[in-house]
Amino acid sequence: MAVGRETTNEATGAGREDGRQPPYLYPDYVATRLRAPKKPLIILPRTLSDTTGPAYGSGPIGELDDDLTRQHSGEPLGERIIVTGRVLDGDGRPVRGGLIEIWQANAAGRYTHKLDQHPAPLDPNFSGAGRCLTDEEGRYRFVTIKPGAYPWKNHENAWRPAHIHLSLFGSAFRSRLITQMYFPGDPLFEHDPIFQSVRDEKAQQRMISSFDLETTRPEWALGYRFDIVLEGREATPMENHR
Amino acid sequence: MSPEPTPSQTVGPFFHNALLDEDRSELVSPDHPEAIRIEGTVYDGAGEVVPDAMVEIWQANSSGRYDHPADDREDLPLDEDFSGFGRSGTDVDGKFSFVTLKPGPVPGPDGRMQAPHLMVSVFARGLLKRLVTRIYFPDEEEANASDPVLSSIEDRELRRTLVAGDEGGVLRFDIRLQGEGQTAFFAL
């Protein structure tokens, strides 16, 4: 591929990704209309600037950072769940010691955020933010509560399917990913333009966690499995060097 | 067979408690003798400021070494106190800022050197995947002219958006997502 050649690829993202990644411009998601770039993207040749990347995006992990149900004096309301899975690079190798940051609404569908005006109750025992590091096999695990669906103003009677936001670095600048994990069988998928912005059905399935009886703990919490694959082949193995 | 990547989804408007709970916009102390300050505003296609974006930077240290195992150029010193990663939210006026060190030049494709630059990711509600751009330095005219990435951008106006302005010692790098003066963005 020619160095830095301007692509014929539409900034809409059509073409190269075949619907496996969302485009920048997806008019049904109204906020993309004024935020999607219109000029063609420039292909960036692979150099050390992007095959390297922050090993840890954040400082030390606190003991309770991976358990969102124990960050306050009491227990949050809602359905306690365990979310676990593996993080792999584009070659299928585990991403070791990689930071995962998550955030989500509470069981009633309300975020602890000053701009969330949804008239659902806040939960004084739930902040909805966590982080953890992947282990030697790329595995991660969070304990949290199942988030509620919530309304937004994208269109008349618009509701987001329940989801957990995840942010990951992987081993290089190229592998940075922010995504959302959904729950199986949600009737809101077909009405949600953010979910639908990923057009390929198999790719959609890769955003949906699966119920996992093995992860489920008797008398305590349902388990959901969500594996994550980051972009980037020829990736450098992650090392704990900080 | 290689596994297929997990699709990107928007960061949404409610990430602050999780991603900006601590200030990571100062990679060095403002008192550092070589500290530089970078400021900018994010604008949308209507020219309105974007108050709910997050900007991340990734860069080499002042010797041009990345703090990462893939950069094995042992002759260049690593700086224990400099990770090269920074993160800033935008405020109600759409402004972000970083205090950092100017990176050294780094190797490019085909053995050519690249002019000093910062890698930049932009996340926001309305961006279903991040935008990637670069910040180059206004006092590096010669290096910028021969930079393999910059010099390959034929559209002069677009190329110019990647070089920060110098406003009395503060570097200004505005990010225009769309429309007149749109910033150059990259496909990785």
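Here the residue index of a chain counts from 1 through its sequence in written order. Written order determines the labels here, with chains lettered from A and ligands numbered from 1. Residues qualify for local features only when their pLDDT is at least 70, as the model is predicted, and side-chain atom pairs are given and counted only at 80 or more; totals for whole chains, interfaces and linings, by contrast, use all residues. Side-chain metrics in this entry use all non-hydrogen atoms of the structure; hydrogen atoms and water are not considered.

**Brief notes about the sheet that holds strand β9 (residues 177-182) of chain A**
Residues and elements named next belong to chain A.
Thought 1: The pairing criterion for strands is at least two bridges between them, as found by DSSP. Comment: elements are numbered from the N terminus, with helices defined as DSSP H or I runs of at least four residues and strands as E runs of at least two. A sheet is described by the order of its strands in space; here four strands give the open sequence β4-β3-β8-β9, paired in antiparallel fashion. Each having just a single partner strand, β4 (129-133) and β9 make up the two edges of the open sheet. The sheet shows a mean angle of 25° between the axes of neighbouring strands, taken without regard to direction.
Thought 2: When strand β3 (residues 99-104) meets strand β8 (residues 163-168), the two strands line up antiparallel, connected through five bridges. Each residue of the ladder has a partner; that of Q104, found in β8, is I164. Lines fitted to C-alpha atoms define the axes, with helix axes restricted to the stretch in contact, and inter-axis angles between N-to-C directions lie between 0 and 180 degrees.

**Brief notes about the interface of chain A and chain B**
Thought 1: Throughout, a residue-residue contact means that at least one pair of heavy atoms, one from each residue, lies within 4.5 Å. Chain A puts 84 residues into the contact, and the matching count from chain B is 77 residues.
Thought 2: Defined in terms of a 1.4 Å probe, buried area is the accessible area two parts forfeit on being brought together, summed over both. Between chain A and chain B lies a buried interface of about 7,000 Å² when both sides are counted; carbon and sulfur atoms form 58% of it.
Thought 3: By convention in these notes, a salt bridge is any Lys or Arg side-chain nitrogen within 4 Å of a carboxyl oxygen on Asp or Glu. Linking chain A to chain B there are six salt bridges.
Thought 4: Elements with a minimum of two residues in the side of chain A that touches chain B: β1 (42-43), α1 (48-51), β3, β4, β8, β9, α2 (193-196) and β12 (228-229) of chain A.
Thought 5: By residue number, the principal contributor to the side of chain A that touches chain B is β9(A), which donates five residues.
Thought 6: When residues are sorted by character, Ala, Val, Leu, Ile, Met, Phe, Trp, Tyr, Cys and Pro go into the nonpolar class, Asp, Glu, Lys and Arg into the charged class, and all the rest, Gly among them, into the polar class. The class makeup of the residues in the side of chain A that touches chain B is 36 nonpolar, 25 polar and 23 charged.
Thought 7: Here β1(A) runs beside strand β12 (residues 186-187) of chain B; their pairing, made up of two bridges, is parallel. Paired with A:I42 across the bridge in β12(B) is B:F186.

**What to know about the confidence of the model for chain A**
Residue and element names in this part refer to chain A.
Thought 1: Within a predicted model, pLDDT stands for the predictor's per-residue confidence, ranging from 0 to 100. With 87% of its residues at a pLDDT of 70 or more, chain A has an overall mean of 89.
Thought 2: Segment residues 1-15: pLDDT under 50, and 35 contacts once partners within four positions in sequence are set aside and those in other chains are kept.
Thought 3: In the predicted structure, residues 235-242 sits below a pLDDT of 50 and forms 29 contacts with residues beyond four places in sequence or in another chain.

**Here we look at the pairing of β3(A)**
All names here are of chain A.
Thought 1: With respect to burial, β3 is a largely interior element, six of its six residues being buried.
Thought 2: On β3, burial covers both faces: L99, E101 and W103 on one face and I100, I102 and Q104 on the other are all buried.
Thought 3: One ladder, built from five bridges, connects β3 with β4; its direction is antiparallel. Directly across from W103, in β4, lies its bridge partner A129. Burial classes follow relative accessibility: with a 1.4 Å probe on protein chains only, a residue under 20% of its type's maximum area counts as buried, one over 50% as exposed, and anything between as partly exposed.

**Concerning the pattern of salt bridges**
Thought 1: A complete count under the given rule lists 28 salt bridges over all chains for this structure.
Thought 2: Among the ionic pairs, A:R174 bridges to A:D50, the shortest N-O distance being 2.5 Å. You can see A:R174 sitting in the loop between β8 and β9 and its partner A:D50 sitting in helix α1, a full 124 residues away along the chain.
Thought 3: For A:D50, a relative accessible area of 0% puts it in the buried group.
Thought 4: Between B:D21 and A:R131 there is a salt bridge; the shortest N-O distance is 2.6 Å. A residue pair is termed interchain when its members come from two chains, as with B:D21 in the loop between α1 (16-19) and β1 (36-43) and A:R131 in strand β4.

**Quick look at the nonpolar core**
Thought 1: Buried Ala, Val, Leu, Ile, Met, Phe, Trp, Tyr and Cys residues that are joined via side-chain atoms within 4.5 Å together make up what is termed a nonpolar core. Of all hydrophobic cores here, the largest spans 32 residues; its most connected members are B:I38, B:V42, B:V55, B:L131, B:I135, B:I175 and B:L177.
Thought 2: For B:I135, the contacting residues outside a window of four places in its chain are B:I38, B:P116, B:H117, B:L118, B:V120, B:L162, B:A164 and B:F173.
Thought 3: A:F183, A:Y224, A:F226 and A:L230 belong to the second-largest nonpolar core, a separate cluster that totals 23 residues.

**Thoughts on a nonpolar patch on the surface**
Thought 1: To count toward a patch, a residue needs a relative accessible area over 30% and no salt bridge; like charges are then connected within 9 Å, while nonpolar side chains (Val, Leu, Ile, Met, Phe, Trp, Tyr) are connected within 5 Å. The accessible surface values rely on the Shrake-Rupley method and a 1.4 Å probe; as for residues, cover is taken only from the protein chains in view. On the surface, A:F211, A:L213 and A:L222 cluster together into a nonpolar patch covering about 300 Å² of accessible area.
Thought 2: Looking at where A:L222 falls in the secondary structure, it is placed in strand β11 (residues 222-225).

**Quick look at the environment of B:L158**
Thought 1: For B:L158, the location among the structural elements is in helix α3 (residues 156-160).
Thought 2: Residue B:L158 is classed as buried on the basis of its relative accessible area of 3%.
Thought 3: The sequence separation of B:L158 and B:A53 amounts to 105 residues, and the corresponding C-alpha distance is 22 Å.
Thought 4: If near-sequence neighbours (up to four positions away) are discounted, B:L158 is found in contact with A:K39, A:I42, B:I153, B:Q182, B:T183 and B:A184.

**Some points on the packing of aromatic side chains**
Thought 1: The aromatic pairing rule takes the rings of Phe, Tyr and Trp, using the six-membered ring of Trp, and pairs them if the centres are within 6.5 Å, calling planes under 30 degrees apart stacked, those over 60 edge-to-face and the rest tilted. This model, assessed by the stated rule, comprises 12 aromatic pairs over all chains.
Thought 2: Ring centres of A:Y182 and A:F195 lie 5.2 Å apart, and the angle between their planes is 90°; this geometry places the pair in the edge-to-face category. Note that A:Y182 is positioned in strand β9 and A:F195 in helix α2, a separation of 13 residues in sequence.
Thought 3: Here A:F195 falls in the buried class, since its relative accessible area comes to 2%.
Thought 4: Measuring from centroid to centroid gives 5.6 Å for B:W58 and B:Y66, while their planes differ by 25°, and the two rings are stacked. Like B:W58, the residue B:Y66 is buried in the burial classification.
Thought 5: Both a distance and an angle decide whether a charge sits over a ring: NZ of Lys or CZ of Arg must be within 6 Å of the ring centre and within 35 degrees of the ring normal. Its guanidinium or amino end placed over the ring of A:W152, A:R160 lies 5.9 Å from that ring's centre, counting from NZ or CZ.
Thought 6: Against the face of B:Y43 rests B:R176, its NZ or CZ located 4.5 Å from the ring centre.

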